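The chain contents come next:
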Amino acid sequence: MATAAAHRTARADDMAEADAARYEAVFDAAVAADERIEPRDWMPDAYRASLIRQMAQHAHSEIIGMQPEANWITRAPSLRRKAILMAKVQDEAGHGLYLYSAAETLGASREDLLDKLHTGRQKYSSIFNYPTLTWADVGAIGWLVDGAAITNQVPLCRCSYGPYARAMVRVCKEESFHQRQGYELLLALSQGTAEQHAMAQDAVDRWWWPSLMMFGPPDDESAHSAQSLAWKIKRHSNDDLRRRFVDICVPQAESLNLTLPDPHLRWNEERGHYDFGPIDWTEFWEVLKGNGPCNEQRLSQRRQAHDEGAWVREAAAAYAAKHNGATGAADGHADVAVGPSAEQAGMSGEA
Amino acid sequence: MTTEDWPLWEVFVRSRRGLSHTHAGSLHAPDAEMALRNARDLYTRRGEGVSIWVVPSAAITASSPDEKDPFFEPAADKPYRHPTFYEIPEGVKHL
Amino acid sequence: MTVTVRTGAVLALGDDALVLSHRLGEWAGHAPVLEEEVALANIALDLLGQARVLLSLAGDEDELAYLREERAFRNLQLVEQPNGDFAHTIARQLYFSTYQRLLYAQLAAGDSEFTGLAAKAVKEVAYHQDHAEQWTLRLGDGTDLSHERMRRACEALWRFTGEMFQPVEGVDVDWAGMKATWLETVGDVLRRATLEVPEGPQSGAWTAGAGRQGLHTESFGRMLAEMQHLHRSHPGASW
């Protein structure tokens, strides 16, 4: 909380060196004891910078991640699926907002973070640079991409920074329906007509490897991993999480009656994990660099929405300036009833 | 702040009657009326609340980390304020 | 399908909700500010929920949504109008949600098969109207640019508003009274937004009727083509 004030947080360079050392010791002890760091606590500058970058990238991924799925809202093949998909894409906007809000507790401004996204100075998850070519892709995204995201995110509910951990608790709670709806969607296709089954298999073939890349480069090539693990803003290594994900997916794919496109997949009794084939890291780095199938399209749609919305945001700000004081709490409207559309909650039960 | 930047608001949600409003997060809105509406959409999509407060983030005064010790330590030496301070013989219920 | 009085009434209300929900769904990923992504989706989801209940009263919701031809849809031409800029979407919301709120309030107070649905929906629609009103005020009384865009939007959509008050057989409400209240309510919002009530006619000069009689505008055909394409490509499949 008290986000604006976070700017004023005491910084190391303002302090006597002895003080800095003492603060750092308190910080390190708190992290070691699995306590949460809160916005106004002293923290190393590098910790603050890493967190802002990580939360912003996460928020950007939610926002850009709306596009490949929104691509199918207008073509959803049943009204039930359409409702589920709209609710899911809406959740992603919501998750982006939670995460920007968490980043703002450290003194970053959303406007600035969005600007960094729009100008390519901050990244989003590369997975969203792949296109959604058929309806089954909506299912594959739910099952594999959201599945991988959840594998990544659940441990972050225990990350050392309080606002981030709390945002992740909320996100994970809401995401559980995302993965289930994807699985259910694919199951319906797999059990449907031959064309539907083929559509599902094709989607899984295209999304499997990019999903594995979502966990990031192998541990020995991961630039920020060691420090992030020490700070507990990352709780498991990339390779650990990837293994965990593969172990979860293999039996799920079997029950979907779909195959995973990897001839090397087999259970390794000794390791207690599935072995899997080599990942094409050249593809990963190329997509990350901007050469994926949809990089340009995703960013330009985002920029366009933002630019075309400027006059609307300006209008609301101008209206607020004119009518300053005649709003909200001052009029005694502080308590709003929040009943009406609450039944959308049922969406999670349905999926 | 540029003309199109909206200020930040802190959102507090009463999850059900009988409980206090609890901090849920923050959001941007041009004014209090829109902040309330945005908060309703964002933080109570799944029926998480019966009432919402929004407060301009800039209006919140917080204790600073330097003051942390005097602010929060006195309570720590009054353990008798906490129920676990008291030993109750086994078998006594509803306490 | 043969359309009885009852089915005709159900389809009129259901198609309005279905089509407007679809149009609002087109905003996903394009809204002027992230908070508005969430708000527009909320409204779209409410409307889709209403549409599903209503269409199910007339038959299978998916058959009705995906397998009818354009001329069989009974929705108002207003709700099928393309989103345009945000001002057009808000003007369409203001006109329609004010109408729908008045309509559902009467249905909720009456005694028909719509009573239960209307009692629940009227609360949702009150929120939609509030959303439209708040934005009409901000766009109308915001900047010169937003004022001009909102004025143009209100005028452009005005000629689709008369159709809302053509009595629908089987929907037992006071249509004339509703029109008067609607004019008063919308007029009040527009005035507070420093806008004027448009002067032109509230309906076109043609006598063949409009959306309620299955006569739509050109963009509606394209909307349906997109909406129905996948479902129709796999006859009999379940999803």
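Residues numbered from 1 in each chain as written. Chains lettered and ligands numbered in written order. Predicted model: local features only at pLDDT ≥ 70, side-chain atom pairs only at ≥ 80, totals over all residues. Heavy atoms only, no water.

Participant: Describe the overall build of chain A, with residues and values.
Facilitator: A tally of helices and strands in chain A yields 14 helices and two strands. Expressed as a percentage of contacts within chain A between residues at least 6 apart in sequence, the contacts between residues at least 24 apart total 78%. Only carbon and sulfur atoms are counted for the fraction: they give 53% of the accessible area of chain A, which is about 13900 Å². (Helix = DSSP H or I, 4+ residues; strand = E, 2+ residues; numbered from the N terminus. Contact = heavy atoms within 4.5 Å. Areas by Shrake-Rupley, 256 points an atom, 1.4 Å probe, with all protein chains shown as cover.)

Participant: How would you sum up the interface of chain B and chain C? Please name residues and give values.
Facilitator: Contacts between the two partners involve 13 residues from chain B and, on the opposite side, 10 residues from chain C. Buried area between chain B and chain C, both sides added, is near 1000 Å², and the carbon and sulfur share of it is 55%. Sorting the residues of chain B by area buried against chain C places M34(B), R37(B) and D41(B) first, and these three jointly supply 45% of that buried surface. At the boundary of chain B and chain C, one finds three salt bridges. With a shortest N-O distance of 2.8 Å, D31(B) and R138(C) are connected by a salt bridge. Joining chain B to chain C, the criterion identifies six residue pairs in polar contact (both at pLDDT 80 or more). Examining the composition of the side of chain B that touches chain C, we find that seven residues originate from one element, helix α1 (residues 32-43) of chain B, more than from any other. (Buried area = accessible area lost by both parts, 1.4 Å probe. Salt bridge = Lys/Arg side-chain N within 4 Å of Asp/Glu carboxyl O. Polar contact = N/O pair within 3.5 Å; in protein donor to acceptor, adjacent residues only side chain to side chain.)

Participant: Provide a residue-level description of the sheet that holds strand β2 (residues 21-28) of chain B, including the pertinent values.
Facilitator: Residue and element names in this part refer to chain B. Here we have three strands laid out as an open sheet, ordered β2-β1-β3, and antiparallel in their pairing. The strands lining the two open edges of the sheet, one partner per strand, are β2 and β3 (51-56). Neighbour to neighbour, the strand axes of the sheet diverge by 25 degrees on average, direction disregarded. Note: strand β1 (residues 8-14) against β3, six bridges, orientation antiparallel. (Pairing = 2+ DSSP bridges. Axes fitted to C-alpha atoms, helices over the stretch in contact; angles between N-to-C directions.)

Participant: Can you tell me about unusual backbone geometry, naming the residues and giving the values?
Facilitator: For N257(A), which is not glycine, the phi torsion reads 60 degrees and is therefore positive. Within the secondary structure layout, N257(A) lies in the loop between α11 (238-256) and β1 (266-268). The backbone of T194(C) shows a phi angle near 60 degrees, a positive value even though the residue is not glycine. Along the polypeptide, T194(C) turns up in the loop between α8 (175-192) and α9 (218-233).

Participant: Outline the packing of α1(B) against helix α6 (residues 115-140) of chain C, supporting the account with residue identities and numerical values.
Facilitator: Two elements in contact, α1(B) and α6(C), have axes separated by 11 Å at closest approach and are oriented at 140 degrees. Seen from above, α1(B) lies across α6(C) with left-handed handedness. On the side of α1(B), the interface is formed by E33(B), M34(B), R37(B), R40(B) and D41(B), while α6(C) contributes Y127(C), D130(C), Q134(C), W135(C) and R138(C). (Left-handed = near helix turned anticlockwise from the far one by under 90°.)

Participant: Tell me what's going on with the confidence of the model for chain A, and back it up with residues and numbers.
Facilitator: Residues and elements named next belong to chain A. With 88% of its residues at a pLDDT of 70 or more, chain A shows a mean pLDDT of 88. A low-confidence stretch, residues 1-8 (pLDDT under 50), is modelled with 21 contacts involving residues beyond four sequence positions or located in other chains. Scored below 50 in pLDDT, residues 326-337 shows 24 contacts in the model against residues more than four places distant or in partner chains. (pLDDT = per-residue confidence, 0-100.)

Participant: I'd like a description of helix α3 (residues 45-64) of chain A, backed by residues and values.
Facilitator: Its 20 residues place the ends of α3(A) 28 Å apart at the C-alpha level, agreeing with the 28 Å of an ideal helix rising 1.5 Å per residue. Burial analysis of α3(A) places 14 of its 20 residues in the buried class, which makes it a mostly covered element. (Expected span 1.5 Å × (residues − 1). Buried < 20%, exposed > 50% of the residue type's maximum accessible area, 1.4 Å probe, protein only.)

Participant: Which residues make up the side chain of R92(C), and what values go with them?
Facilitator: Residue and element names in this part refer to chain C. Locating R92 in the fold gives a position in helix α5 (residues 86-109). Buried within the structure, R92 lacks any salt-bridge partner; E26 is the closest side chain of opposite charge, at an N-O distance of 6.4 Å. Within the structure, R92 has its side chain in polar contact with the backbone oxygen of Q81 (distance 2.6 Å). The contact partners of R92, leaving out residues within four places of it in the chain, are L20, R23, L24, L78, V79, Q81, P82, N83 and L157. (Lys, Arg positive; Asp, Glu negative; His and termini not counted.)

Participant: Pulling in residues and values, what's your account of the pattern of salt bridges?
Facilitator: Scanning the entire structure with this criterion turns up 39 salt bridges over all chains. The salt bridge partner of R242(A) is D239(A), with a shortest N-O separation of 2.8 Å. Of the two residues, R242(A) and D239(A) are both situated in helix α11; the distance of three residues between them amounts to about one turn of the helix. The partner of E33(B) in a salt bridge is R138(C), and the shortest N-O contact between them spans 3.2 Å. In this pair, E33(B) is assigned in helix α1 and R138(C) in helix α6, connecting two distinct chains. No difference in accessibility class separates E33(B) from R138(C), as the two residues are buried.

Participant: Requested: an account of the nonpolar core, with residues and values cited.
Facilitator: W135(A), Y161(A), Y99(C), L103(C), Y104(C) and L139(C) are the most contacted members of the largest nonpolar core, which has 199 residues in total. Per element, the largest residue contribution to this core is 14 residues, and it comes from helix α5 (residues 79-104) of chain A. Ignoring anything within four residues of it in the chain, the contact list for L139(C) reads W311(A), V312(A), A315(A), F86(C), A87(C), I90(C), S146(C), H147(C) and M150(C). (Core = buried A, V, L, I, M, F, W, Y, C linked by side-chain atoms within 4.5 Å.)

Participant: Lay out empty space enclosed by the protein with the relevant residues and their values.
Facilitator: In this approach a probe as big as a water molecule rolls over the atoms, and the regions it shows empty are the leftover space. As enumerated under the stated definition, the model contains five cavities of 30 Å³ or more in all. Volume-wise, the largest cavity comes out at about 110 Å³. Looking at the largest cavity, it is lined by 14 residues, and the ones nearest its centre are L24(C), G25(C), A28(C), E37(C) and A41(C). Of all the secondary-structure elements, those providing two or more residues to the lining of the largest cavity are α5 of chain A together with α1 (5-25) and α2 (34-58) of chain C. (1 Å grid on protein atoms, 1.4 Å probe; cavity = no way out; pocket = protein on both sides within 12 Å on 5 of 7 lines; lining within 4 Å. Points joined across faces, edges and corners; volume = space filled by probe spheres on them.)

Participant: Lay out the interface of chain A and chain C with the relevant residues and their values.
Facilitator: Interface size, as often reported, equals the accessible area lost upon joining of the parts. With 51 residues of chain A at the contact, the number on the chain C side is 51 residues. For the pair chain A and chain C, the summed buried surface comes to about 4400 Å²; carbon and sulfur atoms form 65% of the total. Among the residues chain A hides against chain C, the three largest losses belong to L79(A), W311(A) and Y319(A). Together they make up 18% of the total. Taken together, chain A and chain C are joined by two salt bridges. Where chain A packs against chain C, one counts 17 residue pairs in polar contact (both at pLDDT 80 or more). Elements with a minimum of two residues in the side of chain A that touches chain C: α4 (66-70), α5, α8 (162-190), α9 (194-213), α13 (295-322) and α14 (346-350) of chain A. Classifying every residue of the side of chain A that touches chain C gives 28 nonpolar, 11 polar and 12 charged. (Nonpolar A, V, L, I, M, F, W, Y, C, P; charged D, E, K, R; others polar.)

Participant: An account of the state of the cysteines is requested, with residue identities and associated values reported.
Facilitator: Under the counting rule described, the total for this entry stands at zero disulfides over all chains. Just so you know, C159(A) is unpaired, no disulfide at all, and the nearest cysteine sulfur is the one on C157(A), 8.5 Å from it. (Disulfide = S-S within 2.5 Å.)

Participant: Please give an account of the side chain of D16(C) that cites residues and values.
Facilitator: All names here are of chain C. Mapped onto the fold, D16 is located in helix α1. Residue D16 is classed as buried on the basis of its relative accessible area of 2%. Contact partners of D16, with chain neighbours within four places excluded, come to L11, N75, L76, V79, F96, Y99 and R212.

Participant: Run through the pairing of β2(B), naming residues and quoting values.
Facilitator: Residues and elements named next belong to chain B. Along β2, six of the eight residues are buried, which leaves the element largely enclosed by surrounding structure. Sheet topology places β1 next to β2; seven bridges connect them, and they run antiparallel. For W9, the partnering residue across the bridge sits in β2 and is L27. The turn joining β1 and β2, which pair antiparallel and follow one another in sequence, is formed by six residues; a positive phi near 100 degrees is taken by G18.

Participant: Describe the packing of aromatic side chains, with residues and values.
Facilitator: Describing an aromatic ring pair means giving the distance of the ring centres and the angle of the ring planes. Following the criterion strictly, the structure yields 23 aromatic pairs over all chains and no others. Judged by centre distance (5.7 Å) and plane angle (50 degrees), the ring pair of F96(C) and Y99(C) falls under tilted. With F96(C) and Y99(C) both in helix α5 and three residues apart, the pair spans about one turn of that helix. For F96(C), a relative accessible area of 2% translates into the label buried. Joined through ring pairs, the aromatic side chains of Y95(C), F96(C), Y99(C), W158(C), F165(C) and W182(C) make up one cluster. It is R22(A) that lies over the ring of Y23(A); its NZ or CZ is 5.3 Å from the centre. (Phe/Tyr/Trp six-rings, centres within 6.5 Å; stacked < 30°, edge-to-face > 60°. Lys NZ or Arg CZ within 6 Å of the ring centre and 35° of its normal.)

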